[in-house]
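# Geometric and topological summary
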Amino acid sequence: MYDVIVVGLGGMGSATAYQLAGHGKKVLGLERHTPAHDRGSSHGGSRLIRQAYFEDPAYVPLVLRAYELWERLEAETGQDLMTLCGGLMLGRRGSEVLEGSLRSAREHDLPCELLEAEEVKRRFSALAPDPETVALYEGRAGLVGPEATINAHLARATTLGAELHFEEPVLSWGVSPSEDRVRVETPVATYEAERLVITAGAWAPQLLADLSLPLQPERRVIYWFEPKGGTEPFLPDNFPVFIWEPDDGNTFSCFPLLAGERGVKTVFFRAGGVPCTPETLDRQVRDEEIEFMREYLAEYVPSLAGRCLEAVVCMYTNTPDEHFVIDLYPGHPQVSFASPCSGHGYKFASVVGEILADLALDGATRHPIEMFSSRRFLSVKEESI
């Protein structure tokens with residue numbers, strides 16, 4: 001008998017197990033793969049972290065708390081888990097990325113600079129914006145390492161007393177009406193707990209099937225390109241993370257060259273996504289996909305438009321409105337779940353873990369999560385009947 005069972009120990013689940021163990025709870029964590037695996041969403045060496053959030057200003061208080069928790073994890077482990085190299089949000093005036101970032105920066109009084117194209121080129125020589133491009137520069141933006149932070153959360157959870165099982169997938173779960181307990185079945189055993197947290201990423205649609213939530217896993221490709229003419233312009237002191245919205249809307253991002261990496265990481269934010277399931281995910285990257293990415297680099301980051309050194313596949317799990325899902329299970333308040341995070345959520349993993357621990361322990365959280373309620377989709381389903 002456990003206090004809480006956490007299903008899925010990726011970005012969100014590892015943080016949740018750590019938070020719950022830190023409260024002195026008897027925690028069981030179950031993961032179908034190995035620690036910090038590359039079969040889902042939380043891998044690839046880096047994830048962008050930023051405060052001037054173009055998706056919605058309502059995210060800003062959460063991401064500010066996420067920074068505090070990442071810094072606390074760094075202090076507890078003695079590891080450098082964030083690289084705050086600065087970040088650019090680029091696009092023409094009126095573009096979603098630029099205007100949304102400006103709105104968040106102004107609403108929350110975030111320290112940022114508005115840069116015209118010539119100033120961008122002067123500061124960051126690898127970038128080639130056209131004269132109409134404008135950028136919002138945020139000095140506190142950067143990246144966080146998914147594998148490193150998952151492993152750090154898992155190690156701290158274990159140190160604090162959590163019991164973590166890997167390569168043990170969950171087959172089913174249920175709530176006992178008579179005992180008000182949760183039972184979780186795996187190929188190894190059946191476990192019981194007072195509370196259950198589901199953080200299963202692309203496997204969440206299976207475990208939350210009774211809710212019929214519109215959760216859609218999507219195939220994404222991550223690329224690493226070899227810089228032409230040397231690596232110096234792409235080191236963290238010279239190259240910020242960026243999100244660039246071209247005129248055609250195929251927004252993409254780049255990351256600085258980190259120690260131990262040969263290539264510069266780049267990825268499309270939405271373009272090229274293909275709906276899938278974990279079982280049907282195509283992990284082969286084709287030449288035409290690499291060429292499609294190279295075309296954008298040739299225009300906007302010319303010295304990266306050379307040899308692709310590596311390309312790997314991961315998954316987003318999207319909602320129709322591209323916002324998170326964090327909630328108590330309707331009718332079963334002893335069960336909580338998150339996210340999926342629609343491709344922009346990893347930076348929030350530290351605070352989502354805190355939120356899910358709150359929900360498991362108290363049934364509520366002080367954090368503003370109303371916009372992430374699953375009922376926004378359930379009510380639509382009910383109205384359509």
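To keep things clear, this report deals only with the structure shown in the data block. (Residues numbered from 1 in each chain as written. Predicted model: local features only at pLDDT ≥ 70, side-chain atom pairs only at ≥ 80, totals over all residues. Heavy atoms only, no water.)

### Focus: the overall build of the protein
Secondary structure summary: the protein contains nine helices and 20 strands in total. In terms of its C-alpha atoms, the protein occupies a principal-axis envelope of roughly 70 × 40 × 40 Å. In the protein, which comprises 385 residues, the share counted as buried stands at 57%. Nonlocal contacts in the protein, meaning residues at least 24 apart in sequence, comprise 73% of its contacts between residues at least 6 apart. Of the accessible surface of the protein, which amounts to about 15,500 Å², a share of 48% is contributed by carbon and sulfur atoms. For the protein, the separation between the mean place of its 35 positive charges and that of its 57 negative charges on side chains is 1 Å. (Helix = DSSP H or I, 4+ residues; strand = E, 2+ residues; numbered from the N terminus. Buried < 20%, exposed > 50% of the residue type's maximum accessible area, 1.4 Å probe, protein only. Contact = heavy atoms within 4.5 Å. Areas by Shrake-Rupley, 256 points an atom, 1.4 Å probe, with all protein chains shown as cover. Lys, Arg positive; Asp, Glu negative; His and termini not counted. Charge placed at Lys NZ, Arg CZ, Asp CG, Glu CD.)

### Considering the layout of surface pockets
Of the volumes computed, that of the largest pocket is approximately 170 Å³. If you go around the largest pocket, the residues you meet are His43, Gly44, Gly45, Glu147, Trp224, Gly260, Glu261, Arg262, Gly263, Leu309, Glu310 and Val312. Here the lining of the largest pocket takes three residues from strand S18 (residues 308-318), the largest share from any one element. Looking at the lining of the largest pocket, its residues break down into three nonpolar, five polar and four charged. (1 Å grid on protein atoms, 1.4 Å probe; cavity = no way out; pocket = protein on both sides within 12 Å on 5 of 7 lines; lining within 4 Å. Points joined across faces, edges and corners; volume = space filled by probe spheres on them. Nonpolar A, V, L, I, M, F, W, Y, C, P; charged D, E, K, R; others polar.)

### Observations regarding the sheet that holds strand S3 (residues 47-49)
Judged by pairing direction, the sheet is antiparallel, and its three strands sit side by side in the order S3-S8-S4 without closing on themselves. With one partner strand each, in any of the chains shown, S3 and strand S4 (82-83) form the two edges of the open sheet. Taken together, the three bridges between S3 and strand S8 (residues 142-144) define a ladder with antiparallel strand orientation. Across the sheet, the residue bridging to Ile49 is Gly142, located in S8. (Pairing = 2+ DSSP bridges.)

### Let's talk about the packing of aromatic side chains
In this structure the tally under the stated criterion is 26 aromatic pairs. Geometrically, the ring pair formed by Tyr2 and Tyr191 is edge-to-face, given 6.3 Å between the ring centres and 65° between the ring planes. Separated by 189 residues along the polypeptide, Tyr2 in strand S1 (residues 2-7) and Tyr191 in strand S12 (residues 190-198) bring together distant segments of the chain. In this structure, Tyr2 and Tyr191 share a single accessibility class: buried. On the numbers, 6.2 Å between centres and 40° between planes, the contact of Tyr223 with Phe225 is tilted. Of the two residues, Tyr223 and Phe225, both sit in the buried class. The rings of Phe234, Phe239, Phe242, Trp244, Phe252, Phe268, Phe292, Tyr296 and Tyr300 are connected pair by pair, giving a single aromatic cluster. Residue placement shows Lys26 over the ring face of Tyr2; its charged tip is 5.1 Å from the ring centre. One cation-aromatic arrangement involves Lys265 over Phe255; the distance from NZ or CZ to the ring centre is 4.7 Å. (Phe/Tyr/Trp six-rings, centres within 6.5 Å; stacked < 30°, edge-to-face > 60°. Lys NZ or Arg CZ within 6 Å of the ring centre and 35° of its normal.)

### Describing the pairing of strand S7 (residues 133-138)
Across the six residues that make up S7, a large majority, six, are buried. Both faces of S7 are covered, namely the face carrying Thr133, Ala135 and Tyr137 and the face carrying Val134, Leu136 and Glu138. Pairing of strand S5 (residues 87-92) with S7, which is carried by six bridges, proceeds in the antiparallel orientation. Bridging from a neighbouring strand, Met89 pairs with Leu136 of S7. With five bridges connecting them, strand S6 (residues 112-116) and S7 associate as antiparallel partners. Within S7, the residue paired with Glu116 across the bridge is Val134.

### Details of helix H7 (residues 287-300)
Taking 1.5 Å of rise per residue, the 14 residues of H7 would be expected to cover 20 Å, and the 20 Å separating its terminal C-alpha atoms lies within 8% of that figure. Taken together, the buried positions of H7 are Glu289, Ile290, Met293, Tyr296, Leu297 and Tyr300. All buried residues of H7 project into a common sector of 125° when viewed along the axis, lining one side. Opposite the buried face of H7, by more than 90 degrees, sit the exposed residues Asp287 and Glu288. Against strand S13 (216-225), strand S14 (241-244), strand S15 (252-254), strand S16 (264-268) and S18 lie the buried residues of H7. (Expected span 1.5 Å × (residues − 1). Arc of directions from axis to C-beta.)

### Some remarks on the pairing of S16
Most of S16 sits inside the fold, with five of its five residues counted as buried. Burial of the side chains of S16 extends over both faces: Val264, Thr266 and Phe268 are buried on one face and Lys265 and Val267 on the other.

### So, the environment of Arg106
Within the secondary structure, Arg106 sits in helix H3 (residues 96-107). Sequence-wise, Arg106 and Pro57 are 49 residues apart; in three dimensions their C-alpha atoms are separated by 9.3 Å.

### A look at the pattern of salt bridges
Think of it this way: side chains of opposite charge can pair up when their charged atoms draw near. Under the criterion given, the structure shown has 25 salt bridges. Between Glu113 and Arg123 there is a salt bridge, and its shortest N-O distance comes to 2.7 Å. You can see Glu113 sitting in strand S6 and its partner Arg123 sitting in helix H4 (residues 117-123), a full 10 residues away along the chain. Relative accessible area serves as the criterion here: at 34%, Glu113 is assigned to the partly exposed category. Given a relative accessible area of 29%, Arg123 falls into the partly exposed group. Across the pair Arg122 and Glu119 runs a salt bridge whose closest N-O atoms are separated by 2.7 Å. Of this pair, Arg122 and Glu119 both sit in helix H4, three residues apart, which is roughly one turn of that helix. Classification of Arg122 as exposed rests on a relative accessible area of 61%. Residue classification places Glu119 among the partly exposed residues on the basis of a relative accessible area of 23%. (Salt bridge = Lys/Arg side-chain N within 4 Å of Asp/Glu carboxyl O.)

Any functional reading would require information beyond the geometric quantities listed.
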